[in-house]
Amino acid sequence: MDAISTKGLTRDYGGGKGIFDLTFSVGEGETFGFLGPNGAGKTTTIRHLMGFLRPRAGSCAIGGRDCWRERENIQRDLGYIPGEISFFNDMTGAEFLRFLAGYRGQKPVRQKELLDRFELDPRGGIKKMSKGMKQKLGIVAAFQHDPAVLILDEPTSGLDPLMQNRFVELLREETARGKTILLSSHMFEEVERTCQRVGIIRAGRLAAVDSVEALRKRHLRSYTVTLDTPERAESFARDFGGQQDGCRVTVTARQSLEEIFLHYYGGGEHD
Ligand SMILES: Nc1ncnc2c1ncn2[C@@H]1O[C@H](COP(=O)(O)OP(=O)(O)OP(=O)(O)O)[C@@H](O)[C@H]1O
Ligand SMILES: [Mg+2]
């Protein structure tokens, strides 16, 4: 059974905005990257998965439970980091984490470890926290009850590079522990380092869904270089792992996920 699935999920906001006939699934234990430019429909999709929005057409399910009909259970059980985190500003971080654990009825078994890992002191008032501190609080809130499924909407926005790295390490550990993760991101490196498969969404439609490896393979790029002697060509081919033919050497390079991404975005200058 798929851990997360959408079938024909549609929400038309008019003027070509929204999400249209989205069908994809994430297997149990898989980390799935959800990439797309601003306004592509990532957050809208995720809000349906979390049961905050009712599908206008189609459906989505997590662990076999319909996201809308069983939204209470889904919201209680999942680990969720919203795209725009808004907290109860009059609480301290610690109060918020306690409140959330109480609401879920699940012990925050990993809270202390996560606070240490992200070097967050939760005792201060949320109102006075920096953007990065709030993001860290959101991470601890999403992971503290050790959920089996995590839906993460741009979880590293606002984090400095050191903390982004710690987050990538956390994701890799969670994947190794068999968690199912949907990761929406603008950061190719983050997705390449953590995800097995990736879906690229553009203007509310899926432009591609494939393994990171297959996407890269399909987008191999060849360069032919001509040297002045076959000897030079031979040594060039050796150094760069190319195919030699007389004075000519063909080198095949894999495009980075970023280049592939730009290709699907349709930016003409990146052909
Ligand atoms: N409640 C709404 N009413 C009308 N249009 C909306 C509504 N919510 C979102 N949209 C539009 O739907 C499109 C998708 O928005 P969404 O927030 O899902 O994009 P996103 O992929 O998460 O973008 P970003 O990378 O900027 O977070 C946008 O054009 C947005 O303006
Ligand atoms: Mg968004």
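Computed from a predicted structure; not experimentally measured. Residue positions within a chain follow its written sequence, with the count starting from 1. To read the labels, note that chains go from A and ligands from 1, taken in the order they are written. Side-chain atom pairs in this predicted model are given and counted only at pLDDT of 80 or more, local residue features only at pLDDT of at least 70, and totals for whole chains, interfaces and linings cover all residues. Neither water nor hydrogens contribute to the side-chain values; these are computed over all heavy atoms in the structure.

1. Side note on the overall build of the protein chain
Here a strand is any run of E in DSSP of at least two residues, a helix any run of H or I of at least four, and the numbering for each starts at the N terminus. A count of helices and strands for the protein chain gives 10 helices and 13 strands. Considering only C-alpha atoms, the protein chain reaches an extent of 75 × 45 × 35 Å along its principal axes. Relative to all contacts within the protein chain whose residues are 6 or more apart in sequence, the contacts with residues 24 or more apart total 67%. A 1.4 Å probe and the Shrake-Rupley method give the accessible areas. Residues count as covered only by the protein chains that appear here. In the form shown here, the protein chain has an accessible surface area of approximately 13600 Å², with 48% of it arising from carbon and sulfur atoms. Residues are treated as being in contact if the distance between any of their heavy atoms lies within 4.5 Å.

2. Description of the site of ligand 1
Taken together, 13 residues are adjacent to ligand 1, and G39, G41, K42, T43 and T44 come closest. In this structure, an oxygen atom belonging to ligand 1 sits 2.7 Å away from a side-chain N or O atom of K42. Pairing of N or O atoms within 3.5 Å defines a polar contact, subject to two protein rules: one partner must be a possible hydrogen donor and the other a possible acceptor, and residues neighboring in sequence count only if both atoms are side-chain atoms. Within the side chain of T43, one N or O atom sits 2.8 Å away from an oxygen atom of ligand 1. At the level of elements, β2 (17-27) and α1 (42-49) are the ones that each hand at least two residues to the shell around ligand 1. When residues of the shell around ligand 1 are assigned to their parent elements, the largest contribution, three residues, is made by α1. Nonpolar residues are Ala, Val, Leu, Ile, Met, Phe, Trp, Tyr, Cys and Pro. Charged residues are Asp, Glu, Lys and Arg, and all others, Gly as well, are polar. Across the shell around ligand 1, the residue classes break down as three nonpolar, seven polar and three charged. Nearness is defined per residue: one heavy atom within 4 Å of the molecule or strand is enough.

3. Digging into the layout of surface pockets
Rolled over the atoms, a probe with the dimensions of a water molecule shows which regions are left empty. Using a 1 Å grid laid over the protein atoms alone, points where a 1.4 Å probe fits but cannot get out form a cavity; open sets with protein on both sides within 12 Å along at least 5 of 7 lines form a pocket; any residue with an atom within 4 Å of a point counts as lining. Grid points are joined across faces, edges and corners, and a volume is the space filled by probe spheres set on the points. Approximately 460 Å³ is the volume found for the largest pocket. Together, 19 residues line the largest pocket, and F52, Y80, P82, F96 and L100 are the ones closest to its centre. Looking at the lining of the largest pocket, the elements that each hand over two or more residues are α3 (93-104) and α5 (131-143). The leading source of residues in the lining of the largest pocket is α3, at five residues. Among the residues forming the lining of the largest pocket, the class breakdown is 14 nonpolar, three polar and two charged. A breakdown of the residues in the lining of the second largest pocket according to their chemical character gives one nonpolar, seven polar and three charged.

4. What to know about the environment of L183
Looking at the element boundaries, L183 is found in strand β8 (residues 180-185). C-alpha separation for the pair L183 and N165, spaced 18 residues apart in sequence, amounts to 15 Å. Not counting residues within four places of it along the chain, the set of residues in contact with L183 comprises F32, G33, F34, L152, P155, L171, E190, V191, T194 and C195.

5. Re the domain arrangement of the protein chain
Interfaces are often sized by the accessible area lost when the parts come together. As far as domains go, the protein chain holds domain 1 (2-212) and domain 2 (217-270). Domain delimitation follows an automatic or database domain assignment. A straight line from the C-alpha centre of domain 1 to that of domain 2 covers 37 Å. On the domain 2 side, the residues contacting the 11 residues of domain 1 number eight residues. Sorting the residues of domain 1 by area buried against domain 2 places F188, I200 and R202 first, and these three jointly supply 48% of that buried surface. By convention, the term buried area covers the 1.4 Å-probe accessible surface removed from two parts as they join, with the contributions of both added.

6. Some points on a nonpolar patch on the surface
A contiguous nonpolar patch, built from F88, F99 and Y103 and spanning about 310 Å² of accessible area, is present on the exposed surface. Here F99 shows up in helix α3. Residues enter patches when their relative accessible area tops 30% and they take part in no salt bridge; the joining distance is 9 Å for like charges and 5 Å for the nonpolar side chains Val, Leu, Ile, Met, Phe, Trp and Tyr. By convention in these notes, a salt bridge is any Lys or Arg side-chain nitrogen within 4 Å of a carboxyl oxygen on Asp or Glu.

7. A short note on the UniProt feature "domain: ABC transporter" (unreviewed entry) in the protein chain
Under the UniProt annotation, the feature "domain: ABC transporter" (unreviewed entry) is placed at residues 4-228. Helix makes up 34% of residues 4-228 and strand 31%. Its end C-alpha atoms lie 56 Å apart. UniProt positions are given in the numbering used here, feature names are shortened, and annotations may be inferred rather than shown by experiment.

8. Focus: the side chain of E190
Counting through the fold element by element, E190 comes out in helix α7 (residues 188-194). Note on exposure labels: buried denotes an accessible area under 20% of the residue type's maximum, exposed denotes more than 50%, and partly exposed covers the range between, all computed with a 1.4 Å probe on protein chains only. Charged residues are defined narrowly, with Lys and Arg counted positive, Asp and Glu counted negative, and His plus the chain ends left uncounted. Of the side chains bearing the opposite charge, R193 lies closest to the buried E190, which forms no salt bridge; the N-O distance is 8.0 Å. Setting aside its immediate chain neighbours within four residues, E190 contacts T156, V168, L183 and S185.

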